[in-house]
Amino acid sequence: GAVVSQHPSRVICKSGTSVKIECRSLDFQATTMFWYRQFPKKSLMLMATSNEGSKATYEQGVEKDKFLINHASLTLSTLTVTSAHPEDSSFYICSATTGGDRGYTFGSGTRLTVV
Amino acid sequence: AQSVTQPDIHITVSEGASLELRCNYSYGATPYLFWYVQSPGQGLQLLLKYFSGDTLVQGIKGFEAEFKRSQSSFNLRKPSVHWSDAAEYFCAVGITGTASKLTFGTGTRLQVTL
């Protein structure tokens, strides 16, 4: 079945530094990838949608310059949290699809803690 | 825009009892519908999905869901719950024919008592 690998699973960084999170589709080519943020005991909030080779589409209220998304290939998308601050601490999850009717596969998530 | 409502924030059932988690959606046409399960600190695992055809969908781990267009519902059921089913359950809706984003409900936390 479709597998999405997300790394790292857990990262702690200092305030003001940048952190990169990778999302890879291992056995399929993902035309579209999604990045979600999940607060404790809350649902998933879509941050952005990325298509290979084009700029990501950000949801309203999401800072494009803080959350940089790159979808350089059909199997890799990255989310970079720039100049991270404690309020950016959260659980980030990626998802990939080759088309809606083929389903959406989720990564295992990244727990980001900014200290 | 589509939306999803999961009316129950928290449900507690005894092991061996039946389970039904409610999900109502709002969308102008027939949507793609999904149920995902999430264990603490983990990603989402797909339980089942509905795209078209038979409105009763079978999933993994003994779960099933029924799409009822007249009620705009896609409730998740399991005849006999196991302690390992304790987790967070999310219903989600997608737009048919596209690779567009999924819209998630707020989730239902299932607690199983022994």
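Residues numbered from 1 in each chain as written. Chains lettered and ligands numbered in written order. Predicted model: local features only at pLDDT ≥ 70, side-chain atom pairs only at ≥ 80, totals over all residues. Heavy atoms only, no water.

Undergrad: Which residues make up the nonpolar core, and what values do they have?
TA: Counting 26 residues, the largest nonpolar core has Trp-35, Leu-48, Phe-74, Leu-76 and Tyr-89 of chain B as its most contacted members. Among the elements that make up this core, the one with the highest residue count is strand E10 (residues 87–94) of chain B (four residues). Judged by nonpolar contacts, the second largest core, of 25 residues, contains Val-11, Trp-35, Ala-48 and Tyr-58 of chain A. (Core = buried A, V, L, I, M, F, W, Y, C linked by side-chain atoms within 4.5 Å. Buried < 20%, exposed > 50% of the residue type's maximum accessible area, 1.4 Å probe, protein only. Helix = DSSP H or I, 4+ residues; strand = E, 2+ residues; numbered from the N terminus.)

Undergrad: Describe the sheet that holds strand E8 (residues 76–81) of chain A, with residues and values.
TA: Residues and elements named next belong to chain A. Here we have four strands laid out as an open sheet, ordered E1-E3-E8-E7, and antiparallel in their pairing. Lying at the two open borders of the sheet, with one neighbouring strand each, are strand E1 (4–7) and strand E7 (67–73). Across the sheet, the mean angle separating the axes of adjacent strands is 15° when strand polarity is ignored. For E1 and strand E3 (residues 19–25), the ladder comprises four bridges, and the chain directions are antiparallel. From the neighbouring strand, Val-4 faces E3, where its bridge partner is Ser-25. (Pairing = 2+ DSSP bridges. Axes fitted to C-alpha atoms, helices over the stretch in contact; angles between N-to-C directions.)

Undergrad: Any details on unusual backbone geometry? Residues and values, ideally.
TA: With an omega of -5°, the peptide bond running from His-7 of chain A to Pro-8 of chain A counts as cis. Note that Pro-8 of chain A resides in the loop between E1 and strand E2 (10–13). Unusually for a residue other than glycine, Ser-72 of chain B sits at a positive phi of about 50°. If you trace the backbone, Ser-72 of chain B turns up in the loop between strand E8 (64–68) and strand E9 (73–78). Take Ser-72 of chain B: its relative accessible area is 25%, and that puts it in the partly exposed class.

Undergrad: Give a detailed account of the environment of Met-47 of chain A, specifying residues and quantitative values.
TA: All names here are of chain A. With respect to the secondary-structure elements, Met-47 resides in strand E5 (residues 44–51). For Met-47, a relative accessible area of 2% gives the class buried. Here the alpha-carbon distance between Met-47 and Trp-35, two residues 12 residues apart in the chain, equals 5.5 Å. For Met-47, the residues in contact, after removing those within four places along its chain, are Trp-35, Tyr-36, Arg-37, Thr-57, Tyr-58, Glu-59, Val-62, Phe-67 and Tyr-92. (Contact = heavy atoms within 4.5 Å.)

Undergrad: Give a description of the pattern of salt bridges that names residues and reports values.
TA: Enumeration according to the criterion identifies eight salt bridges over all chains in this entry. In this structure, Lys-66 of chain A engages Asp-88 of chain A in a salt bridge whose closest nitrogen and oxygen atoms are separated by 2.9 Å. Placement of the pair is Lys-66 of chain A in the loop between strand E6 (57–58) and E7 and Asp-88 of chain A in the loop between E8 and strand E9 (90–97), with a sequence separation of 22 residues. Take Lys-66 of chain A and Asp-88 of chain A: they sit in the same class, and that class is buried. Between Glu-88 of chain B and Arg-109 of chain B there is a salt bridge, and its shortest N-O distance comes to 3.0 Å. Residue Glu-88 of chain B is found in strand E10, and its partner Arg-109 of chain B is found in strand E12 (residues 108–113); the two are separated by 21 residues along the sequence. You can call Glu-88 of chain B buried: its relative accessible area is 9%. Relative accessible area serves as the criterion here: at 32%, Arg-109 of chain B is assigned to the partly exposed category. Among the charged side chains, a salt-bridge network with shared partners connects Glu-64, Glu-66 and Arg-77 of chain B. (Salt bridge = Lys/Arg side-chain N within 4 Å of Asp/Glu carboxyl O.)

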